[in-house]
Amino acid sequence: MEEYSSRLDLNGLLVPRPAATFFMRAASDAFAERGIQAGDILVVDRSVRPSKGDIVVAPCDGVLALASFDGKNRPAGIFGKVVALIHRF
């Protein structure tokens, strides 16, 4: 087994912009085809502009929901782009 001389820093790897980043938990398997399952932790960055096909977080019926960005102008309602996923086996 290979030894590593430094500690693994998840904040450094997953949160390059702490002031613009938040975490949320996926509530359903609606995006299972994209690898997101209920209970997964999503890392969402508000400072990253989404591209067509990216998964974004947006308000829907009073709750935050995941959506696939269609590539049109960024609507004011988008809270951020999902930039990472933490999944437990």
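Note that the structure is predicted; figures quoted are calculated from it, not measured. (Residues numbered from 1 in each chain as written. Predicted model: local features only at pLDDT ≥ 70, side-chain atom pairs only at ≥ 80, totals over all residues. Heavy atoms only, no water.)

Undergrad: Explain the overall build of the protein to me, using residue names and the numbers behind them.
TA: Looking only at helices and strands, the protein features one helix and five strands. Traced from its N-terminal end to its C-terminal end, the protein shows the element sequence α-β-β-β-β-β. C-alpha atoms of the protein, sized along the principal axes, occupy 45 × 25 × 20 Å. In the protein, once contacts between residues fewer than 6 apart in sequence are set aside, the share between residues at least 24 apart is 47%. When the accessible surface of the protein is totalled, it reaches about 6,500 Å², and 53% of it is carbon and sulfur. If the 11 positive side-chain charges of the protein are averaged to one point and the 10 negative ones to another, these points end up 8 Å apart. (Helix = DSSP H or I, 4+ residues; strand = E, 2+ residues; numbered from the N terminus. Contact = heavy atoms within 4.5 Å. Areas by Shrake-Rupley, 256 points an atom, 1.4 Å probe, with all protein chains shown as cover. Lys, Arg positive; Asp, Glu negative; His and termini not counted. Charge placed at Lys NZ, Arg CZ, Asp CG, Glu CD.)

Undergrad: If you had to explain the side chain of Asp45 to someone new, which residues and values would you point to?
TA: Inspection of the secondary structure assignment puts Asp45 in strand β2 (residues 41–45). Of note is the side chain of Asp45, whose polar atom sits 2.7 Å from the side chain of Arg17. Of note is the side chain of Asp45, whose polar atom sits 2.6 Å from the side chain of Ser47. If we ignore the near neighbours within four places in the chain, the residues touching Asp45 are Arg17, Ala20, Thr21, Gly80, Lys81 and Val83. (Polar contact = N/O pair within 3.5 Å; in protein donor to acceptor, adjacent residues only side chain to side chain.)

Undergrad: An account of the sheet that holds β2 is needed here, citing residue identities and associated values.
TA: Here we have five strands laid out as an open sheet, ordered β1-β2-β5-β3-β4, and antiparallel in their pairing. Bordering the open sheet on either side are β1 (21–25) and β4 (63–68), each of which pairs with just one other strand. Ignoring which end each strand starts from, the neighbouring axes of this sheet average 40° apart. Pairing analysis gives six bridges linking strand β3 (residues 55–60) to β4, with the strands arranged antiparallel. When the sheet's bridge partners are listed, Ala58 is paired in β4 with Ala65. (Pairing = 2+ DSSP bridges. Axes fitted to C-alpha atoms, helices over the stretch in contact; angles between N-to-C directions.)

Undergrad: Give me the packing of aromatic side chains: which residues, what numbers.
TA: All told, the structure shown has zero aromatic pairs when counted by the stated rule. In this structure, Arg46 packs its charged tip against the face of Phe79, placed 5.2 Å from the ring centre. (Phe/Tyr/Trp six-rings, centres within 6.5 Å; stacked < 30°, edge-to-face > 60°. Lys NZ or Arg CZ within 6 Å of the ring centre and 35° of its normal.)

Undergrad: Could you give an account of the pattern of salt bridges, with specific residues and numbers?
TA: Applying the stated criterion across every chain yields a total of two salt bridges. The shortest N-O distance in the salt bridge between Asp54 and Lys81 comes to 3.2 Å. With Asp54 in the loop between β2 and β3 and Lys81 in strand β5 (residues 80–86), the pair connects residues that are 27 residues apart, well separated along the chain. Taking relative accessible area as the criterion, Asp54 reaches 17% and is therefore assigned buried. (Salt bridge = Lys/Arg side-chain N within 4 Å of Asp/Glu carboxyl O. Buried < 20%, exposed > 50% of the residue type's maximum accessible area, 1.4 Å probe, protein only.)

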